[in-house]
Amino acid sequence: MTASSPHQPDIAVEMRNIVKRFPGVVANDHVTFIAKSGEIHALLGENGAGKSTLMNVLSGLYAPDEGEIWIYGRHVVFRSPSDAIAAGVGMVHQHFRLVPTLTVVENVILGLDEPRFHLNLTQARAKILELSQQYGLKVDPDAYIWQLSVGEQQRVEIIKALYRGARILILDEPTAVLTPQETVVLFKTLRSMAQEGHTIIFISHKLDEVMSIADRVTVLRQGKVVATVNIEEVTKEKLAEMMVGRPVIFRIEKPRLQPGQEVLRVEDVHARNDKGLPALRGISFVVRSHEIVGIAGVSGNGQTELAEVLYGLRPVEKGHIYLYGKDITQASTREIIREGVAHIPEDRHKEGSLADMSLSENLILKHYRRPPVAQGPLIRWAYVREFARKLIQRFQIMAPGIHTKARLLSGGNLQKLILARELSSEPGLIIAMHPTQGLDVGATEAVRKQLIAERGKGAGVLLISEDLDEVMQLSDRILVIYEGEIMGEVPADRADRNQIGLMMAGQRQS
Amino acid sequence: METAFLITILATAIRAGAPVIYAAVGEIFAERAGILNLGVEGMMLVGAVSGFIAAVQTGNPWVGVLVAMLAGGLLSLIHAFLTITLHADQVVSGLALTIFGIGLSSFLGQNYVGVHGPQFEAIHIPGLSDLPFLGPVLFQHDILVYLTFILIPASAYFIHKTRPGLHLRAVGEDPATADVMGVNVARIRYIYTFVGGVLAGLGGASLSLAYTPGWTEGMSGGRGWIAIALVIFAFWEPWRAMLGAYLFGGVQALQFNLQTIGITIPTYFLNMLPYLFTILVVVFATGERMRRHLGAPAALGLPYIRGER
């Protein structure tokens with residue numbers, strides 16, 4: 001049955017009773033979503049609430065199992081992203097859809113019918129420059145994508161959608177990769193596009209952003225719509241409650257502690273990235289016991305390399321690393337583990353766990369060489385079972401049993417598993433890279449509390465995160481990294497977002 | 001005397017390079033689309049034998065060329081189906097294709113060993129072939145050699161300067177992005193895997209109908225593998241593949257001609273050279289750093305399944 005749309009001229013998008021199922025989950029459960037022409041409409045929800053799925057349906061990437069879509073009052077069925085583009089719906093994905101080895105123009109015209117055969121790019125170039133001027137999207141059309149900063153790449157994505165005549169623009173967590181200043185620029189662009197009559201759908205889980213940019217907001221929770229409200233009618237606290245389903249405390253209690261002895265000392269460390277280019281250019285800092293040192297910065301400024309260097313996964317070109325005063329610059333990862341260093345890696349699936357091995361096997365990855373887990377060349381499985389059960393209970397890992405494969409765990413439970421393994425060896429230093437990325441509010445809280453508890457027990461924590469709020473909340477001191485150098489250091493209790501933002505963009509602390 | 005020797009070497013290098021150029025350019029197309037096809041040797045052999053049989057049966061070498069191209073193309077579709085539709089491992093599938101091709105070509109050709117058949121004769125291009133030095137080096141070849149002179153610039157132009165070429169590059173570099181941009185990844189991969197097979201088949205025909213007319217078992221003698229190595233050596237660029245093919249042809253030419261001027265290097269040693277050279281190229285060209293700098297298609301060898309990252 002195709003009920004006709006009660007269509008009003010100012011409605012750009014109407015999605016009705018959308019259902020999208022994946023094996024084992026209903027990602028969208030009868031979702032109805034309406035966006036008006038010329039508004040900035042935020043789609044708010046936790047990770048896994050179904051925001052991206054809903055927008056992937058709207059952009060033609062997924063076919064809905066049930067439900068109907070109207071664009072400007074016209075009933076549409078999208079079989080592919082190009083159908084959606086043809087109807088005026090463009091999406092800027094969280095992970096950019098740009099081919100790094102092609103130029104900006106080539107990426108913009110990719111998949112279009114023009115030019116027919118010979119690649120004459122003069123016209124395309126002119127149109128890109130025109131769009132870029134109109135909306136303040138500064139970018140060089142002939143640059144290769146790999147040469148561009150993340151912010152510039154995002155502009156290319158927006159231009160790409162506009163070039164195709166998108167009137168409805170979906171942005172999936174667009175600020176996650178930007179500095180606060182770049183965010184301001186983006187918001188200006190979005191404002192001017194909305195004024196020109198474009199409809200902007202803005203996916204986010206950051207409340208402050210939503211409050212500052214959106215006209216209206218639709219909140220999703222566990223695949224269902226909680227409500228759609230005008231932004232003037234709500235507060236941040238109210239939105240948080242709608243999103244999580246219970247009142248949320250924004251501040252985490254952190255006792256004041258006097259930093260103790262020096263745990264880690266990094267002196268003028270240089271290292272190269274996978275492409276052989278300098279990634280760390282003279283990094284120096286100290287982490288003491290009883291303190292959390294946060295490293296803030298936009299992704300790709302050497303954070304990954306820093307964590308790898310400290311954990312013995314990447315060679316140091318120049319400089320020294322000391323753990324409790326002992327030089328570990330050339331030490332292997334195994335030696336560093338033995339010295340009591342815990343590592344919460346960036347990618348919990350690839351580096352943090354063995355997907356096809358059981359929980360108990362994953363939990364002993366750092367212990368299996370020595371007693372009590374090892375007995376000569378053998379492993380004492382009876383002990384391992386007991387050990388694993390205790391950890392699962394202590395860290396509240398939700399899993400059917402100790403023999404469950406790690407791949408079956410949700411992101412939050414997998415992260416708890418990694419924490420359980422890493423913290424069970426009573427580490428003196430914890431290197432935590434994006435420890436709460438992609439976790440829901442509950443799991444995030446649990447992880448943060450664990451880190452603060454370890455600090456209380458005397459560990460030194462190095463927290464590397466792109467989430468500035470997280471760094472500001474947890475850290476005792478904040479260092480800002482930019483292009484492999486430390487731009488400055490601020491004590492967390494006197495940190496100023498704006499000042500940190502400038503340093504994230506490369507301005508040295510005065 | 002020395003000039004004459006140099007002319008012979010260069011002319012032979014170009015002649016001997018032609019079959020390898022076809023195969024290598026074909027593989028460049030397939031790999032640019034992200035499909036590694038290690039079945040080149042098998043496709044060349046099947047092309048050589050089926051082309052020769054068709055030429056003998058019809059008395060027309062052009063029919064042989066068409067049949068060889070079709071045979072190579074059909075064989076490549078097996079690889080395409082396994083790897084693109086069924087997401088099978090490309091290395092395993094390609095190796096199986098080569099082994100299959102070797103067997104199939106021996107089977108088909110069992111009654112044609114030593115048979116005399118039609119072949120492409122050298123055409124002296126009027127005027128140009130009389131030029132001193134360049135004439136005998138470049139313009140006294142058979143038609144299949146001349147076609148490589150067109151194939152190289154045409155494929156370089158196609159890859160870099162046309163819209164289908166842009167889509168080809170995008171599919172090999174980043175199929176997920178190409179897909180979202182409305183490019184049909186599977187179709188493009190099928191097309192260029194097929195093109196790769198067609199050109200490998202043509203390379204085989206240029207062996208059995210022009211370079212060494214006739215059919216002998218395993219007559220490609222590892223040229224399919226050389227072609228695959230050349231693709232890496234060439235960093236996926238047709239012009240460089242041509243250069244590599246001529247280097248290979250030059251070594252072959254030396255092998256024939258050194259003895260005539262009284263230099264005795266064991267033939268076995270010379271036979272070994274192209275492979276040694278290949279190993280060196282692969283060692284130098286496949287280091288992670290080189291790959292990133294010099295642009296192996298980023299998605300080479302990886303199946304594309306929508307919705308997986």
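Here the structure is a predicted model, which means the values were calculated and not measured.

1. A closer look at the packing of aromatic side chains
- Evaluation of the coordinates by the stated rule reveals 11 aromatic pairs over all chains.
- Where A:Phe22 meets A:Tyr62, the ring centres are 5.3 Å apart and the plane angle is 75 degrees; that geometry is what we call edge-to-face. On the criterion of sequence distance, the pair formed by A:Phe22 in strand β1 (residues 11–22) and A:Tyr62 in the loop between α1 (51–58) and β4 (66–71) is long-range, its members being 40 residues apart.
- Classification of A:Phe22 by relative accessible area gives partly exposed; the value is 28%.
- Arranged with centres 6.1 Å apart and planes meeting at 20 degrees, the rings of A:Tyr383 and A:Phe387 form a pair that is stacked. Here A:Tyr383 pairs with A:Phe387, and both are found in helix α12 (residues 381–394), just four residues apart, close to one helical turn.
- Pairwise contacts between aromatic rings join A:Phe117, B:Phe29, B:Tyr157, B:Phe158 and B:Tyr192 into one cluster.

2. Some words on the sheet that holds strand β2 (residues 25–36) of chain A
All names here are of chain A.
- Spatially, β2-β1-β4-β5 is the arrangement adopted by the four strands of the open sheet, whose pairing is antiparallel. Each edge of the open sheet carries a strand with a single partner, namely β2 and β5 (74–76). Here the strands of the sheet are splayed against their neighbours by 20 degrees on average, with no regard to which way each runs.
- In this structure, β1 lies alongside β2, joined through eight bridges in antiparallel fashion. Note on β2: the bridge partner recorded for methionine 15 is phenylalanine 33.
- Docked against the sheet, α1 engages β1, β2 and β4, running at close to 115 degrees with respect to β1.

3. Focus: helix α7 (residues 163–173) of chain B
- Counting buried residues along α7(B), 10 of its 11 residues qualify, which places the element largely inside the surrounding structure.
- Considered for burial, the residues of α7(B) that qualify are B:Arg163, B:Gly165, B:Leu166, B:His167, B:Leu168, B:Arg169, B:Ala170, B:Val171, B:Gly172 and B:Glu173.
- Where α7(B) is buried, its residues contact α3 (104–109) of chain A together with α1 (2–32), α6 (143–161), α8 (175–180) and α9 (185–211) of chain B.

4. Details of the sheet that holds strand β15 (residues 326–327) of chain A
Residue and element names in this part refer to chain A.
- Taken in spatial order, the four strands make up an open sheet running β12-β11-β14-β15, and their pairing is antiparallel. Strand pairing shows two members of the sheet lacking a second neighbour, β12 (278–288) and β15, which therefore form its edges.
- Here strand β11 (residues 262–272) pairs with strand β14 (residues 318–323) via five bridges, running antiparallel. Along β14, the bridge assignment pairs valine 266 with isoleucine 321.

5. Considering the interface of chain A and chain B
- Counting residues at the interface gives 29 residues for chain A and 26 residues for chain B.
- Approximately 2,400 Å² of surface area, both sides summed, lies buried where chain A meets chain B, with 62% of it carried by carbon and sulfur atoms.
- Sorting the residues of chain A by area buried against chain B places A:Arg97, A:Leu110 and A:Phe117 first, and these three jointly supply 24% of that buried surface.
- One can count seven residue pairs in polar contact (both at pLDDT 80 or more) joining chain A with chain B.
- Looking at the side of chain A that touches chain B element by element, the count peaks at three residues for helix α2 (residues 81–86) of chain A.

Scoring rules and cut-offs
Counting from 1, residues in each chain are numbered in the order their sequence is written. Each chain is given a letter, starting from A, and each ligand a number, starting from 1, according to the order in which they appear as written. Under the rules for a predicted model, residues below a pLDDT of 70 receive no local features and side-chain atom pairs below 80 are neither given nor counted, while totals for whole chains, interfaces and linings still include all residues. Values shown for side chains rest on all heavy atoms present in the structure; no hydrogens or waters enter the calculation. Centres within 6.5 Å are what make two rings of Phe, Tyr or Trp a pair, Trp counting through its six-membered ring; a difference in plane orientation under 30 degrees is then read as stacked, over 60 as edge-to-face, and the rest as tilted. Working definition: helices are DSSP H or I runs of at least four residues, strands are E runs of at least two. Numbering for both runs from the N terminus. Categorising residues by exposure relies on relative accessible area from a 1.4 Å probe, with only protein chains included: less than 20% of the type maximum marks a residue as buried, more than 50% marks it as exposed, and the intermediate range marks it as partly exposed. Between any two strands, at least two bridges found by DSSP are needed for them to pair. Only the stretch in contact is used when fitting a helix axis, every axis being a line fitted to C-alpha atoms; angles between N-to-C directions are given from 0 to 180 degrees. Working rule for contacts: check all heavy atoms of both residues, and any pair within 4.5 Å makes them a contact. The term buried area means the drop in 1.4 Å probe accessible area that two parts suffer when joined, counted for both and summed. Under the rule applied, a polar contact is a pair of N or O atoms within 3.5 Å (in protein, one hydrogen donor and one hydrogen acceptor; residues adjacent in sequence only if both atoms are side-chain atoms).

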